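Spelled out from the first residue to the last, the chains are:
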Amino acid sequence: MAASSAQARQPGATSLLSIGQVLARLTPDFPDLTPSKLRFLEEQRLVSPARTESGYRKFCASDLDRLRLILSMQRDLYLPLKVIRGYLDDLDAGNSPTLPGGVTPGPSMLSTERRLSRDELIREAGASAALLHDAVSASIILPADVYGDEALGVLRALVELQHSGIEPRHLRGFRGAAERELGLIESALVPLSRRRDASSRAKAAEMAVEIAGNFEVIRGSLIRSALGRLTS
């Protein structure tokens, strides 16, 4: 999508957002988002903001929704940009594409993540205060003043696991495993991390997501294989 076409679809200057305004709207849900990452996503042809005569980028409402979708697919589905780009290309062509595994991103990916108090989190998850306390003690959920949808999903899963006799204390090893994986990712990123330019930092962030996604594929395969032995 060329910049000129992006300019053509803008309804008017009053509805356009600067990079700073885009960051202000998206960073509450995506705290790692930076100006350099926005520019990197543009370089990768994932979003095409309009340009003023002075060359400044201007984003419309559809650009904002597109960015939210891209960032959500990275964060929630661990998808590399090349897969996301293919999905968006099909979407732009008027198709109804699905992602690997048959996933179709829903409207929830375009919505703003909620902010829940401790009591709201417990109520929404159908959990007890004791279960949340145990989850925090086991480092499964990090303590916070407000919680988002990710914490809500984890606490709901813990409620279901509790029905099977599995308590947060049984899952303490999960945090250690996650830290070990993070160490591997950090080691892999050393060559890029030594560079100080914005492009390298953006590429490092993208590479981190790709590695985490590959870890997820391997972990899922190992669990499914073990389940097969368990039920055979």
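Just so it is clear, the model here is predicted, and its values are computed rather than measured.

Quick question: what am I supposed to make of helix α5 (residues 81–92) here?
An α-helical segment advances 3.6 residues per turn. Residues three or four places apart therefore align on the same side. Taking 1.5 Å of rise per residue, the 12 residues of α5 would be expected to cover 16 Å, and the 16 Å separating its terminal C-alpha atoms lies within 8% of that figure. Among the residues making up α5, those that are buried are Leu81, Ile84, Arg85, Tyr87 and Leu88. Looking straight down α5, one finds its buried side chains confined to an arc of 165 degrees; they lie on one side. A positive backbone phi angle near 90 degrees is found at Gly94, which sits one or two residues after α5.

Whenever I open this one, a nonpolar patch on the surface confuses me. Can you help?
Residues Ile223, Leu227 and Leu230 make up a contiguous nonpolar surface patch of about 320 Å² in total accessible area. In this structure, Ile223 sits in helix α11 (residues 198–231). For Ile223, a relative accessible area of 47% translates into the label partly exposed.

Got a minute to help me understand the nonpolar core in this structure?
In this structure, Val22, Leu26, Leu41, Leu67 and Ile84 are the most contacted members of the largest nonpolar core, which totals 26 residues. Of all the secondary-structure elements, those providing two or more residues to this core are α2 (19–26), α3 (35–43), α4 (61–77) and α5. In terms of residue count, the dominant contributor to this core is α4 (six residues). Ignoring anything within four residues of it in the chain, the contact list for Ile84 reads Leu46, Ile70, Met73, Gln74 and Leu79. Of all hydrophobic cores here, the second largest spans 18 residues; its members include Ala127, Ala138, Ala151 and Leu155.

I keep staring at the pattern of salt bridges and nothing clicks. Help me out?
Note that side chains of opposite charge can pair when their charged atoms are close. If you walk through the whole model with that rule in mind, you get 10 salt bridges. Its salt-bridge partner being Arg118, residue Asp119 comes within 3.8 Å of it at the nearest N-O pair. It is possible to trace a salt-bridge network through shared partners that takes in Asp29, Arg68 and Arg115.

Honestly, the side chain of Asp29 in this entry has me stumped. Any pointers?
Among the structural elements, Asp29 can be located in the loop between α2 and α3. Of note is the side chain of Asp29, whose polar atom sits 2.9 Å from the side chain of Arg68.

Just to check I follow, could you spell out the environment of Arg75 for this structure?
The residue Arg75 is located in helix α4 in this model. Note: C-alpha distance between Arg75 and Phe30 (45 residues apart in sequence) is 8.6 Å.

Looking at this structure, how should I read unusual backbone geometry?
What you tend to see is this: most non-glycine residues have negative phi, and most peptide bonds are trans. Here the phi dihedral of Arg45 falls at roughly 65 degrees; this positive angle occurs in a residue that is not glycine. Its location among the elements puts Arg45 in the loop between α3 and β1 (50–51). One non-glycine residue, Ser139, adopts positive backbone phi at about 65 degrees. Mapped onto the fold, Ser139 is located in the loop between α7 (129–137) and α8 (149–163).

Got a minute to help me understand the packing of α7 against α8 in this structure?
The description of two helices packed together rests on the angle between their axes and the distance between the axes. In the contact formed by α7 and α8, the axes pass within 11 Å of each other and the chain directions differ by 105 degrees. The angle between α7 and α8 places the two elements in the roughly perpendicular class. Listed contacts from α8 to Leu131, Leu132 and Ala135 of α7 are Leu155, Leu158, Val159 and Gln162. Of the residues belonging to the contact of α7 with α8, the class tally is six nonpolar, one polar and no charged.

Criteria and thresholds
- In this convention, every chain numbers its residues from 1, walking through the sequence in written order.
- The predicted nature of this model means local features are confined to residues of pLDDT at least 70 and side-chain atom pairs, given and counted, to a pLDDT of 80 or more, with totals for whole chains, interfaces and linings taken over all residues.
- As a convention, hydrogens and water are excluded, and side-chain values are obtained from all of the structure's heavy atoms.
- Working definition: helices are DSSP H or I runs of at least four residues, strands are E runs of at least two. Numbering for both runs from the N terminus.
- Given the number of residues in a helix, its expected span is that number minus one, multiplied by 1.5 Å.
- The classification of residues rests on relative accessible area computed with a 1.4 Å probe and restricted to protein chains. Under 20% of the type maximum is buried, over 50% is exposed, and intermediate values are partly exposed.
- It is the directions from the helix axis to the C-beta atoms whose arc is reported.
- Patch definition: residues above 30% relative accessible area lacking any salt bridge, with like charges linked at up to 9 Å and the nonpolar side chains Val, Leu, Ile, Met, Phe, Trp and Tyr linked at up to 5 Å.
- All accessibility values rest on the Shrake-Rupley procedure with a 1.4 Å probe; residue burial counts only the protein chains present in the view.
- Only one rule defines a salt bridge in this text: a Lys or Arg side-chain nitrogen within 4 Å of an Asp or Glu carboxyl oxygen.
- Residues belong to a common nonpolar core when they are buried Ala, Val, Leu, Ile, Met, Phe, Trp, Tyr or Cys residues joined through side-chain atoms within 4.5 Å.
- Contact criterion: two residues are considered in contact whenever any of their non-hydrogen atoms come within 4.5 Å of each other.
- Polar contacts, as used here, are pairs of N or O atoms within 3.5 Å; protein pairs need one atom able to donate a hydrogen and one able to accept it. Residues neighboring in sequence count only if both atoms are side-chain atoms.
- All axes are obtained by fitting lines to C-alpha atoms, using only the stretch in contact for helices, and the reported angles, taken between N-to-C directions, cover 0 to 180 degrees.
- Working definition: roughly parallel below 35 degrees, roughly antiparallel above 145 degrees, roughly perpendicular at 65 to 115 degrees, and oblique for all remaining angles.
- Any residue that is not Ala, Val, Leu, Ile, Met, Phe, Trp, Tyr, Cys, Pro, Asp, Glu, Lys or Arg is counted as polar, Gly included; the first ten are nonpolar and the last four charged.

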